[in-house]
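Structure assessment
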Amino acid sequence: MDWLNTLGFAMGSAWLSGIKLYAAVATLGLLHRYKLVQLPGDLNILGEWWIIGLASFLFLIEFIADKIPVVDSMWDAVHTFIRVPAGAILAASAFAHFDPLVRFAALLIGGSIALGSHGAKASLRVTANTSPEPFSNIFLSVTEEVVSIGSAILMAFHPAVLIGIVTVFLIAAFWLAHRIWRALTGLFRPREL
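Residues numbered from 1 in each chain as written. Predicted model: local features only at pLDDT ≥ 70, side-chain atom pairs only at ≥ 80, totals over all residues. Heavy atoms only, no water.

1. Structural notes on the overall build of the protein
Counting secondary structure elements, the protein contains six helices and zero strands. If you list the helices and strands of the protein from N to C, you get α-α-α-α-α-α. Projected onto its principal axes, the C-alpha coordinates of the protein cover approximately 65 × 35 × 25 Å. The proportion of buried residues among the 193 residues of the protein is 43%. Long-range pairs, those at least 24 residues apart, make up 72% of the contacts in the protein between residues at least 6 apart in sequence. (Helix = DSSP H or I, 4+ residues; strand = E, 2+ residues; numbered from the N terminus. Buried < 20%, exposed > 50% of the residue type's maximum accessible area, 1.4 Å probe, protein only. Contact = heavy atoms within 4.5 Å.)

Set out below in structure tokens:
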């Protein structure tokens, strides 16, 4: 597998781990298991039946938990400590056959990408979870599931496309973070009378 495709798998799997880790792992594992795609580096371990089974079971629990607003918020809070390291590990695993410096860079960048996607997802969901109507929460949950499974399939066949999607996401996240930072610092500036 060439460097560009490996980068696509690394960035894509890190990004998806911040959104729906278990759906992405189960989808990639099934695609690899049925020889529809060859995963780079050590990501081929995702094709083991016990990994697919565990990811599918956890995805089923997450599928239900995501539809209940209070449970969803708690689930996202706990998963901050699961999705981010998992994204870092998935990105580094894609580069398992590369130089250790490349793997370490992938680990750091993958964790950062996972943190960004998880932060954006959790922020959006906490807003929806506080809404009194249940439909926006359910709609967002189903949308995340479709995006995660669809993006995992897209990544399997066109990993370079995921590089573009993740890059656009990162640019939007930096732009938004800058705007939020400016708004927050504006709130705390002393006012002239």
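So, next bit.
2. Notes on the pattern of salt bridges
With the rule as written, the count across this model stands at 11 salt bridges. Between E144 and K20 there is a salt bridge, and its shortest N-O distance comes to 3.7 Å. With E144 in helix α5 (residues 135-157) and K20 in helix α1 (residues 3-33), this residue pair connects regions lying 124 residues apart in the sequence. K20 matches E144 in its accessibility class, with the two residues each being buried. Of the charged contacts in the structure, one is a salt bridge between K67 and E145, with a shortest N-O distance of 2.9 Å. Here E145 lies in helix α5 and K67 lies in the loop between α2 (49-65) and α3 (69-94), a separation of 78 residues in the sequence. Connected through shared salt-bridge partners, K20, E62, D66, K67, D72, D76, R83, K121, R125, E144 and E145 make up one network. (Salt bridge = Lys/Arg side-chain N within 4 Å of Asp/Glu carboxyl O.)

3. Quick look at the packing of aromatic side chains
Taken as a whole, this structure holds five aromatic pairs when the rule is applied. Considering the side-chain rings of F59 and F63, the 6.3 Å spacing of their centres and the 65 degrees angle between planes classify their relative orientation as edge-to-face. Of the two residues, F59 and F63 are both situated in helix α2; the distance of four residues between them amounts to about one turn of the helix. Assessed through its relative accessible area of 18%, F59 is described here as buried. For the cation-ring pair, K67 lies above F63, with the distance from its terminal atom to the ring centre recorded as 3.7 Å. (Phe/Tyr/Trp six-rings, centres within 6.5 Å; stacked < 30°, edge-to-face > 60°. Lys NZ or Arg CZ within 6 Å of the ring centre and 35° of its normal.)

4. Observations concerning the side chain of S141
Considering the arrangement of structural elements, one finds S141 in helix α5. A polar contact of 2.8 Å, which involves the side chain of S141, links it to the side chain of K67. Those residues in contact with S141, other than ones at most four positions away along the chain, are K20, D66, K67 and R125. (Polar contact = N/O pair within 3.5 Å; in protein donor to acceptor, adjacent residues only side chain to side chain.)

5. Quick look at the environment of S141
On the basis of relative accessible area, S141 is assigned to the buried category, the value being 0%. Linking S141 and E62, residues 79 residues apart in sequence, is a C-alpha distance of 9.7 Å.

6. As for the nonpolar core
Core analysis: the largest hydrophobic core is formed by 39 residues, its most contacted members being F9, W15, V25, L28, L39, L43 and L46. Broken down by secondary-structure element, the contributors of at least two residues to this core are α1, α2, α3, α4 (100-129), α5 and α6 (159-187). For this core, the element with the highest residue contribution is α1, accounting for 16 residues. When neighbours within four sequence positions are excluded, W15 is seen to be in contact with I113, S117, V147, S151, L162, I165, V166 and F169. (Core = buried A, V, L, I, M, F, W, Y, C linked by side-chain atoms within 4.5 Å.)

7. Details of the packing of α1 against α2
Contact geometry for α1 and α2: axes closest at 8 Å, N-to-C directions at 145 degrees. Of the two possible hands of crossing, α1 and α2 adopt the one that is left-handed. For the pair formed by α1 and α2, the contact residues are K20, Y22, A23, V25, A26, G29, L30 and R33 on the first element and W49, I51, I52, A55, S56, L58, F59 and E62 on the second. Per-class residue counts for the contact of α1 with α2 are 11 nonpolar, two polar and three charged. (Axes fitted to C-alpha atoms, helices over the stretch in contact; angles between N-to-C directions. Left-handed = near helix turned anticlockwise from the far one by under 90°. Nonpolar A, V, L, I, M, F, W, Y, C, P; charged D, E, K, R; others polar.)

Taken by themselves, the reported measurements are silent on function.
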